[in-house]
Amino acid sequence: MNHNHVHHASELPNELLLALPFVLAILIYLLLGLVSNQCHKQWPIYRYIFWVSGVLSAAVALIGPIADTAHINFTAHMVGHLFLGMLAPLLLVHAAPMTLLMRTLSVGHARKLSRVLKSFPVRIYCHPVVASILNIGGLWVLYTTELYSAMQHHVLLHMVVHFHVFLAGYLYTISIIYIDLTAHRYSFSLRAIVLILSLAAHGILSKYIYAYPPGGVPIEQAHMGGMIMYYGGDIIEICLIFLFCQQWYKAARPRTSVSISH
Amino acid sequence: MSTNHASRSAYLGRNLLSGCLLGLGFVAFIDEAVFHQLLHWHHFYDKSTPDIGLVSDGIFHAFSWFSTVAGAFLVSDLRRRNAWWPKRWFGGFLIGGGGFNLFDGTVQHKLMRIHQIRYNVEIAPYDWVWNILAAIMLIAGLIIVFRTGRESKVMEGTA
């Protein structure tokens, strides 16, 4: 992963190889949509748009100019992490990939998949408390220990951390707002408490990074990165809160008035 | 009108709660937009902020975002139930805004030393203005809430 001009010739195939999973993710989703349209009503266009933009926003953090700069610049790293850990999951959840997969599979296979989704380990990972600890707790470990400087030097660790950030962000999002299929649902009040506490932990960590830069990060970059995490996080968080409250608003709809209005 | 009174009385608590939440969110928004971003009186972080201050600051920031949105949805909910009572709601608004400002001005600024209102000036007049305004808002809000509570009982008695 040495971004030197000497290695320029080998860089292009490398980038292409890194882009492959994202291209595949888009193609598979399109294919599932087209196949399932044969025997169901049309899969909505906006869901394709959410999927493609979600995949692209994850890709921004891993390939291209921001990803390259992120190796040497903490500010760029933080921009990438916002895309990968917060924006991409929010967009992808709105594409409802599990719902799409379920309606594409045959009844037998769909039953097996739903058994997996209802299984104990999956339910534990999708519990709001567990998912938010994995998500925000993971970030605390990354930025308050030696892990951050270690990941800049080991390619494999680098990939594992990014994968965790994305996956934990996705789990967290599906555990708080229910758009896609969800095996077990928890009350609004539990999720509201978890949401507020995890947003608070995110804000605290942003200011903590500002005050105590992670290992090897220059103070100006830590200041910039901390503020991007804080205010950038705010933008995505307000979307999460809005969606969450909107779901409450729909669920709490008064039903008695329906019988009066003929 | 009688249904209006009945539904208002049934949702006294929700009127109060939505007012409090939006009041808190409004004050937090003014704090962030005016004192942090426009005037640069407050600091994102100053070197004297202890860890407990960071925790308190973080929780209040998250809660104020949440309460603004949740408060707005609660008002919509009251309106579709024909139960919104602006007077009582405004009482809640003053309690939420004044209560938060008083807490911010005493506990967060003075006890936890998160940050001060201004730097490089004589701070006492700022602190007094800040906290007295907050106390006035809080007391006015409490008076309105008690009065609307009594009004609601009277309405129910005559209905």
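Residues numbered from 1 in each chain as written. Chains lettered and ligands numbered in written order. Predicted model: local features only at pLDDT ≥ 70, side-chain atom pairs only at ≥ 80, totals over all residues. Heavy atoms only, no water.

Observations concerning the overall build of chain B
To be explicit about the condition: Only DSSP runs of H or I covering at least 4 residues are called helices, and only runs of E covering at least 2 are called strands; the numbering of each starts at the N terminus. Using a 1.4 Å probe on the protein chains alone, a residue whose accessible area is under 20% of its type maximum counts as buried, one over 50% counts as exposed, and one in between counts as partly exposed. It only takes one pair of heavy atoms within 4.5 Å for two residues to be counted as in contact. His is not counted, nor are the chain ends; Lys and Arg add positive charge and Asp and Glu add negative charge. Each charge is placed at NZ for Lys, CZ for Arg, CG for Asp and CD for Glu.
A count of helical and extended segments in chain B gives five helices and zero strands. Secondary structure of chain B in N-to-C order comes out as α-α-α-α-α. Along the first, second and third principal axes, the C-alpha atoms of chain B reach 60 × 25 × 25 Å. Buried residues in chain B amount to 47% of all 159 residues. Sequence separation of at least 24 residues holds for 85% of the intrachain contacts in chain B that already meet a minimum separation of 6. If the 14 positive side-chain charges of chain B are averaged to one point and the 11 negative ones to another, these points end up 12 Å apart.

Concerning the packing of helix 8 (residues 128–144) of chain A against helix 11 (residues 188–211) of chain A
Between two packed helices, the angle of one axis relative to the other and the distance separating the axes together describe the packing. Residue and element names in this part refer to chain A. Definition in use: Lines are fitted to the C-alpha atoms to define the axes, a helix being fitted only along its stretch in contact, and any angle between axes, read from their N-to-C directions, falls within 0 to 180 degrees. For classification purposes, an angle smaller than 35 degrees is called roughly parallel, one larger than 145 roughly antiparallel, one from 65 to 115 roughly perpendicular, and anything else oblique. Lys, Arg, Asp and Glu make up the charged group, whereas Ala, Val, Leu, Ile, Met, Phe, Trp, Tyr, Cys and Pro make up the nonpolar group; the residues left over, Gly among them, are polar.
It is the contact of helix 8 with helix 11, at a shortest axis distance of 10 Å, that shows an interaxial angle of 5°. Put simply, helix 8 runs roughly parallel to helix 11. Here P128, V129, S132, I136, L139, W140, Y143 and T144 of helix 8 come into contact with helix 11, specifically with L190, R191, V194, S198, A201, H202, I204, L205, Y208 and I209. A class-by-class count of the residues in the contact of helix 8 with helix 11 yields 13 nonpolar, four polar and one charged.

A word on the packing of aromatic side chains
Each aromatic ring pair is summarised here by two numbers: the centre-to-centre distance and the angle between the ring planes. So the rule is basically this: Any two rings among Phe, Tyr and Trp, with Trp reduced to its six-membered ring, count as a pair given centres within 6.5 Å; such a pair is stacked if its planes are under 30 degrees apart, edge-to-face if over 60, and tilted if neither. In our convention, an over-ring charge means Lys NZ or Arg CZ found within 6 Å of a ring centre and within 35 degrees of that ring's normal.
Scanning the entire structure with this criterion turns up 27 aromatic pairs over all chains. Between W140(A) and Y208(A), the aromatic rings sit 5.6 Å apart at their centres with planes inclined by 50°, giving tilted as the arrangement. Note that W140(A) is positioned in helix 8 and Y208(A) in helix 11, a separation of 68 residues in sequence. With relative accessibility at 24%, the residue Y208(A) sits in the partly exposed group. Here Y230(A) and F44(B) contribute two aromatic rings whose centre-to-centre distance is 5.1 Å and whose plane-to-plane angle is 85°, an arrangement assigned as edge-to-face. Of the two residues, Y230(A) sits in helix 12 (residues 219–251) while F44(B) sits in the loop between helix 2 (12–38) and helix 3 (51–80), which places them in two different chains. You'll find Y230(A) and F44(B) in the same group, each marked buried. Taken together, the aromatic side chains of Y210(A), Y230(A), Y231(A), F44(B) and Y45(B) make up a single cluster linked through ring pairs. The aromatic ring of F44(B) is capped on one face by K207(A), whose charged end is 4.9 Å from the ring centroid.

Focus on the environment of C126(A)
Residue and element names in this part refer to chain A. By secondary structure assignment, the location of C126 is in the loop between helix 7 (120–125) and helix 8. For C126, a relative accessible area of 24% puts it in the partly exposed group. Once the C-alpha coordinates of C126 and A251 are considered, the two residues, 125 residues apart in sequence, prove to be 21 Å apart. Filtering out sequence-adjacent residues up to four positions away, C126 remains in contact with L171, I174 and S175.

Just distances and angles here, no functional claims.
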